[in-house]
Each structure stands twice: as C-alpha cells, then as structure tokens.
Amino acid sequence: MKKVRNYQQVIGETVEHMRLEKGWTQGELAEKVGSSQSAIHRIEKGGQNVSLEMIKKLSEALGNQILSINDSVSQSFMIHGGKELSGEITVNTSKNAAVGLLCAALLNTGKTIFHKVARIEEVFRIIEVLESIGVKCRWTNRHRDLEIISPRELKLDEMDVEAARKTRSIIMFLGPLLHRYPRFKIPYAGGCSLGTRTVEPHIQALKSFGLNVDAMRNSGFYEVSVNQETLHKYRDRYIVLTERGDTVTENVLMAAALAPGRTTIVGASPNYMVQDVCFFLEKLGVKISGIGTTRLVVQGRPRIDLDVEYNISEDPIEAMSFIAVALVTHSEITITRAPIEFLEIELEILKSMGAKIERSSEYASANGRTRLVDLTVRKSELSAPVDKIHPMPFPGLNIDNLPFFSVIAAVAEGRTLIHDWVFENRAVYITELSNLNAKVELLDAHRVYIEGPTNWRPAELVAPQALRPAVVILIAMLAAPGKSILRNVYPINRGYQDFALRLRHLGADIAPLTGI
C-alpha cells in the first residue's frame, strides 16, 4: 500500500514547489513572510506545525492558495478587474497531451521520463491512480520532469477509485491494459460536466483487439474481458472510427502499439495530443505512418522495455486563452512558444474580426516535431464576424477553443452567433457572461447570440464546472472594473498550472481568497 503523507508533509511539499517555481531560496521566502530560513526549512520537510496565519502569509507571498478548508473545489479567486495588462508569457506544455502520455507509459516496462509535465489537477489525478496500482512516479529537475517506471505486474485491485472517477482520462487505460490482463475493471470515467460523453466509440474500436465491456451491471465499473484468441490471432487489423475522437484514437494507438503486425486506423483524429502520443510511441520503437492525417498505420511490437525520454509539446488551448486575455482586456501581450499548426484557423477568424496579431518566424519545439511561433497581440478594435463561429475536427477551429470566442465576441461591435454543436450543454454555460453584463441570447442548448461591445460589471459567481467555460468567466472578470470573486475554481486548476500567478505576472490583480 502507498504510504500516506500527513497534512504537514503535504503543506511542506506544496510550499517547496511554489518557492522553487518562483526561483526563491528558503531565506528569501522567510524574509517575505517575516520568519526564519530554518523555520521555512522545517515547514518544507513537514516537521513543523503551521498556523493558519502563517499559511495565509505564505499563500499571499507565493501568489497561490496553499490550503483550503474542505478540498481544492472550495478555492476561490478575487479579481480587481478593468486593468490593462502587458508583458510576455510562455505557453506551458499540453494538459491533454500529458494525460494521454501518462496512460501510454503503461505500455513500457522500462523507465520513461517526460520533460516539463504540466503540474495540474488532471495530471495529479492520473498520477495518483498510477501510483495506487504500483507504478513508480517521481518528480525530478525541480518538479519539472516526471519519471515513470511501470512494474511487470500491476495491483489493479488497489486502484485509487476516487481519483480515477475525477478524470475522464481513465478510459485510456483500456488500450494498454488489454494486453496485460484477460479480465480487469476500471471505474466509470468522470471529468468535465459537459453532458453525456459516451465511451461506446472506445468499446467498438477496441473490439478488434478482443475487448468486451460489461457496462450494464451498474457496478460503477467498466468490467472488461479480453478474448485472447482475437487479441493474438490477427496480424492485420483495419479499424474504422465512427467518431473522430482524440481519446478514442489514442486508445486504439496504445492497443496497436503492443499488437504485433499492422493496424490501420481510418477516421483517426490528427489533433495535437494524438500527434504527441504518436511521437512518443515512435520513441518506443513503434512504427507509425500518416501522423497528422486521419489515416494511421501502426506496426506494433510484442514487448516494450526501453529507457526513453520525451519532451511534451506546447498547449494550443493555453495559447488561445492568453490571446483571449489580451483582446478582452485591450492589452498588448506577447505569447511565446505557441504551436502554430493548431492555431491557424483561430488566428484567421480573429484577423477577420479586426484583431492585430503579429507572429515570429517558426522554430521547433523541444520534441523536434511541433512547430512554434511567438505571437504579439496588439490593442485591437474588434467587430463581429460575418459568419457564425463553430468548431470542427482538426484542422478546423479547435473544439476547446470555441468558448474563448464567446468572451471575445462580447467585446466586438455587433452580433456574433456561436454554435457549439459538439457538447450537449456547454453553450448554456456561456450565458453566465450575462452576470457580468454581457448581452447573451440563448437560442438552444448549442447556439447563443452575443452582442457587443460589453460594458462589463463585476460580480461574485461560482465557476462553471467545465474547464474552458470557467476560464471564460475569469477572463471577463479581468475586464470588469471593480472587485469580482470567482468561487470553486477546481475546474480551472484541472487544466491550468498556476494560472492566477501567471496572470499576475502580466499585471492582473488576482489573488486566491485565503480567508477562512
């Protein structure tokens, strides 16, 4: 069983990580909170009781909340909006790529090192699940890199079910595990509250590898059996995906990686996180052709036992978040290391709306494959686009970037139609902008009209329990003059590392609410 840390150790590790992220010594932190270097050392080692007053001082000095009374769901932000921002921000590595890669690490019984892993709640949940089943996970390089060693035998019966239920990414355990065990079970997948997100495409796609799932017993688990004859007999699989989903494609890729012979995947997603998984699988010796297209051909291996390192690519959704921050707050911000291949359509739509965005010459990401640019967003006077704004599978406008266009439309002159056809109720969340004085007309569960420009006003709101809509509300609060409070921001922490701290770096007046 995993050793349980006490609360002092958890607080100490949190303080140490936040301090190192800011590049401070223990003495420098001690000076800022009116304490001593030895006291900070004892706190970080979990050897000292910490008063609520000291926790408050540490939180304020480090620019992030260390402790909430119930859990991370109760964390809140206070924003004094209406301020012009400026400066430069670097795009972090991709959350969606990281969770897929963590699942893919189960394919390798050697040592896997991922560089610059996003330290976010979604990643932490997957790590908790991995550690609970016997996978060794260790942060290195000042908590920037993650070392993973998967044992030959996993302890699936000891899986951290609570952590697993908090993330939909757990469904991507199916592909790696079907090669290890003829029977196993994983908890029902959780994650964002975005309506029914069926796992049926996963089950249908993996049937070619002998997977069968009983999800009808209402046990709270996907109960899996694997037909060994089907798994080992075929050497030439041809799989047509009825849904061009990212996680579905990743699941099939992982299953194909340990299936000797050829697997052809038709209707695959070519999105950024899928490409990252492909690049990593190639590092593991799996041959893949067609990366970046909707047709992938995979030559699997019977066994993978290698020591490998992989640099995760940058996050186009985070890049779009900061583009929206700049445009909505009428600020000039430079966004470095933006993965341009996955932002071309978004930038073209913004250009048609009057956005002034300059780009640098291209250069390569640390993985040697992803194309990056630096973007400088200038102050712009925006107008509503002629046509509706709607997402499409890559290379169209990214589904996760669509919500940012709602808050951008709110500062544009005219009426914009946002059509979110993918999720059953995400468009409904956009109506929360009306609480900040935006003119939002909900046509149905998928379509909203937004009329701008908006005379923003502050408000106290509970964050929508979906990642991107929650960030949209936060961006609007940055633009609203006066004091706003956004409560229960766990959805934001699921997908963004130190988001409030990084906004403060640009001049935003945002801080965690540390009052009890």
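**Quick notes on the packing of helix α15 (residues 402-409) against helix α17 (residues 467-479)**
Between α15 and α17, the least distance of the axes is 9 Å, while the angle of their chain directions is 25°. Here α15 lies roughly parallel to α17, going by the angle between them. Handedness of the α15/α17 crossing: right-handed. Each of Pro403, Phe404, Ser406 and Val407 in α15 lies in contact with α17, whose residues at this interface are Arg468, Val471, Val472, Ile475 and Ala476. Within the contact of α15 with α17, the residues separate by chemical class into seven nonpolar, one polar and one charged.

**Regarding the state of the cysteines**
A complete count under the given rule lists zero disulfides for this structure. Considering cysteine sulfurs only, Cys103 is the nearest to Cys278, which forms no disulfide, with 15 Å between them. Residue Cys278 is classed as buried on the basis of its relative accessible area, which comes to 1%.

**Looking at the environment of Glu250**
Positionally, Glu250 belongs in helix α11 (residues 246-257). When the C-alpha atoms of Glu250 and Leu101 are compared, they prove to be 9.2 Å apart, with 149 residues separating the residues in sequence. For Glu250, the contacting residues outside a window of four places in its chain are Asn96, Gly100, Met172, Met273, Val274 and Val277.

**Quick look at the pattern of salt bridges**
In the structure shown here, the tally under the stated rule is 21 salt bridges. Lys166 serves as the salt-bridge partner of Glu162, at 3.9 Å between the closest nitrogen and oxygen. Its salt-bridge partner being Arg303, residue Asp305 comes within 3.3 Å of it at the nearest N-O pair. Owing to a relative accessible area of 48%, Arg303 belongs among the partly exposed residues under this scheme. Overlapping salt bridges bring together Glu121, Arg125 and Glu128 as one network.

**A look at unusual backbone geometry**
With an omega of 15°, the peptide bond running from Phe394 to Pro395 counts as cis. Mapped onto the elements of the fold, Pro395 is located in the loop between β17 (371-377) and α15. Following Gly452, the chain continues into Pro453 via a peptide bond in cis, with omega recorded as 0°. With respect to the helices and strands, Pro453 occurs in the loop between β20 (447-452) and β21 (460-462).

**With respect to helix α4 (residues 52-62)**
Along an α-helix, a turn takes 3.6 residues, which lines up residues three or four apart on a common side. For α4, the complete set of buried residues consists of Met54, Ile55, Leu58, Ser59 and Leu62. In an axial view of α4, the angular spread of the buried residues amounts to 140°, which keeps them on one side of the axis. The positive-phi residue at the C-terminal boundary of α4 is Gly63, with phi of around 75°.

**Some thoughts on the sheet that holds strand β19 (residues 439-442)**
In space, the three strands of this open sheet follow the order β18-β20-β19, with antiparallel pairing throughout. Every interior strand has two partners, whereas the edge strands, β18 (414-419) and β19, have only one. Each strand of the sheet is rotated relative to its neighbour by a mean of 20°, with strand direction disregarded.

**Some remarks on the pairing of strand β12 (residues 295-300)**
Judged from the six bridges that link them, strand β10 (residues 261-266) and β12 form a sheet pairing that is antiparallel. By the bridge assignment, Val266 is partnered in β12 with Arg295. Strand direction decides the pairing type here: strand β11 (residues 287-289) and β12, joined by three bridges, are antiparallel. Looking at the pairing, Ile288 lines up with Val298 of β12.

**Remarks on the confidence of the model for the chain**
Mean pLDDT over the chain stands at 90; residues scoring 70 or higher make up 94%. Here residues 69-73 scores under 50 on pLDDT; set against residues more than four positions off or in separate chains, the count is seven contacts. Per-residue pLDDT stays below 50 along residues 191-196; that stretch engages in 23 contacts with residues further than four places along the chain or on separate chains.

Cut-offs applied
- Residues numbered from 1 in each chain as written.
- Predicted model: local features only at pLDDT ≥ 70, side-chain atom pairs only at ≥ 80, totals over all residues.
- Heavy atoms only, no water.
- Axes fitted to C-alpha atoms, helices over the stretch in contact; angles between N-to-C directions.
- Helix = DSSP H or I, 4+ residues; strand = E, 2+ residues; numbered from the N terminus.
- Parallel < 35°, antiparallel > 145°, perpendicular 65-115°, else oblique.
- Left-handed = near helix turned anticlockwise from the far one by under 90°.
- Contact = heavy atoms within 4.5 Å.
- Nonpolar A, V, L, I, M, F, W, Y, C, P; charged D, E, K, R; others polar.
- Disulfide = S-S within 2.5 Å.
- Buried < 20%, exposed > 50% of the residue type's maximum accessible area, 1.4 Å probe, protein only.
- Salt bridge = Lys/Arg side-chain N within 4 Å of Asp/Glu carboxyl O.
- Arc of directions from axis to C-beta.
- Pairing = 2+ DSSP bridges.
- pLDDT = per-residue confidence, 0-100.

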